[in-house]
Amino acid sequence: NNTNQSNQTNNTNQSNQTNETDQTSENQSQDMFDGLGSLAKARESRTELEQYSDNWGDVFTLGSLLQIAGADLDFDHNLDGWTTRQAGTAIEVLAVYNNLYPFLSTFGYKPVRYHYVVNELLLPYVSRTALSPVQPGDYPRTRTYENRYGVLIHFKVSGSFGFFNPVYLLLMLTAALALTATASTATDLFFLYVSDQRDNFFHLKYEVSPDFSELWRCEKCGYFNSEKSDVCQGIPKFCCPRSTPICGHPKKKAEHDEEEDDD
């Protein structure tokens with residue numbers, strides 16, 4: 001009797017465990033189906049959009065790509081009069097990456113962003129030739145081929161990333177200085193030799209000094225003066241000639257008398 005009772009107890013426990021396992025499996029299956037159902041509903045709602053982005057990437061419909069590229073399947077024709085739907089076409093999609101922005105990148109603003117550029121390639125036909133699934137009875141002596149026309153979408157990644165390069169910085173500075181010097185030299189040459197104001201420009205740009213062998217030197221400040229000046233016209237360095245009084249030291253008498261005798 002004790003043995004029979006223990007067997008019945010074991011069977012009852014096993015049946016309870018089996019029921020619990022089945023219930024857990026049903027719950028997991030229900031959760032999985034619920035998740036797939038919500039995912040399907042989300043995708044069904046997104047199919048109404050022409051383009052969207054999710055965790056899997058960016059999604060575009062063929063109609064949106066054709067619209068962006070400016071292509072029309074029924075109203076565009078090739079040289080033979082075939083429509084794009086009949087002859088096929090090729091769409092190139094460029095994913096352009098960039099991290100440089102005017103003025104802001106100078107101060108370290110360099111987030112990586114991207115955008116798409118969609119273009120239609122000007123091809124008369126886009127087709128693929130393949131063996132037909134159904135071949136004649138004398139195959140391979142006689143073969144049947146299929147020419148399939150359609151839309152070929154070609155994806156490419158392009159763009160440029162900027163980074164600091166000291167060698168390139170020195171090269172740009174050298175080029176900028178050379179261009180600035182060239183522009184200044186060309187301007188000077190034009191106004192010195194071509195312009196009708198060349199005489200005025202020359203005297204504004206250059207100050208022609210007299211012959212120092214014909215000047216007399218002031219004993220007080222050492223300034224060289226013209227023979228026509230009886231007193232020194234010297235002005236100290238870093239002083240304004242308009243607001244600073246001249247030295248005023250008189251010319252030597254001997255030199256002054258010698259000049260009078262010559263007269």
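Residues numbered from 1 in each chain as written. Predicted model: local features only at pLDDT ≥ 70, side-chain atom pairs only at ≥ 80, totals over all residues. Heavy atoms only, no water.

**Q** Would you take a moment to explain unusual backbone geometry for this structure?
**A** With glycine set apart, most residues show a phi of negative sign, and most peptide bonds adopt trans. The step from Y139 to P140 runs through a cis peptide bond, and the omega angle for that step is 10°. Of note, F103 is a non-glycine position whose phi angle comes to about 70°, a positive value. For F103, the position within the fold is in the loop between β3 (89–98) and β4 (113–121). Its relative accessible area of 62% is what places F103 among the exposed residues. (Helix = DSSP H or I, 4+ residues; strand = E, 2+ residues; numbered from the N terminus. Buried < 20%, exposed > 50% of the residue type's maximum accessible area, 1.4 Å probe, protein only.)

**Q** What exactly am I supposed to notice about the nonpolar core here?
**A** Nonpolar side chains in soluble globular proteins tend to end up buried together. In this structure, L65, L66, A69, A71, L73, I91, V93 and V118 together form the largest nonpolar core, which totals 8 residues. Only α2 (62–69) and β3 provide two or more residues apiece to this core. At 3 residues, α2 tops the list of elements feeding residues into this core. If we ignore the near neighbours within four places in the chain, the residues touching A71 are L66, D76 and E120. (Core = buried A, V, L, I, M, F, W, Y, C linked by side-chain atoms within 4.5 Å. Contact = heavy atoms within 4.5 Å.)

**Q** Even after reading the chapter, I still don't get the environment of E214, so can you show me in this structure?
**A** By secondary structure assignment, the location of E214 is in the loop between α5 (198–205) and β8 (216–217). Distance from E214 to E227, taken between C-alpha atoms, is 7.3 Å for residues 13 residues apart in sequence.

**Q** Hey, could you run me through the side chain of S132 in this one?
**A** Tracing the chain through its elements places S132 in the loop between β5 (127–131) and β6 (145–149). Residue class for S132 comes out buried when judged on its relative accessible area of 12%. Of note is the side chain of S132, whose polar atom sits 3.1 Å from the side chain of E146. (Polar contact = N/O pair within 3.5 Å; in protein donor to acceptor, adjacent residues only side chain to side chain.)

**Q** Help me understand the pairing of strand β2 (residues 57–60), please; the structure alone is not making it clear to me.
**A** Consecutive residues of a regular strand have side chains that alternate between opposite faces of the sheet. Relative to β2, strand β1 (residues 51–54) runs antiparallel, the two being bridged by 4 bridges. In the strand pairing of β2, Y52 is matched with V59. Remark: 2 residues form the turn of the hairpin made by β1 and β2, two consecutive strands paired antiparallel. (Pairing = 2+ DSSP bridges.)

**Q** Help me understand the sheet that holds strand β7 (residues 151–160) in this model?
**A** Sheet architecture is open: 3 strands sit in the order β4-β3-β7, paired in mixed fashion. Strands at the two margins of the open sheet, each flanked by one partner only, are β4 and β7. Geometrically, the sheet is characterised by an average inter-axis angle of 20° between neighbouring strands, direction not taken into account. Note that β3 and β4 share 9 bridges and pair antiparallel. Of the residues in β4, the one forming a bridge with A95 is Y116. (Axes fitted to C-alpha atoms, helices over the stretch in contact; angles between N-to-C directions.)

**Q** Would you explain the side chain of S64 in this entry?
**A** Note on placement: S64 falls in helix α2. The class of S64 is buried, set by a relative accessible area of 1%. When neighbours within four sequence positions are excluded, S64 is seen to be in contact with E50 and Q51.

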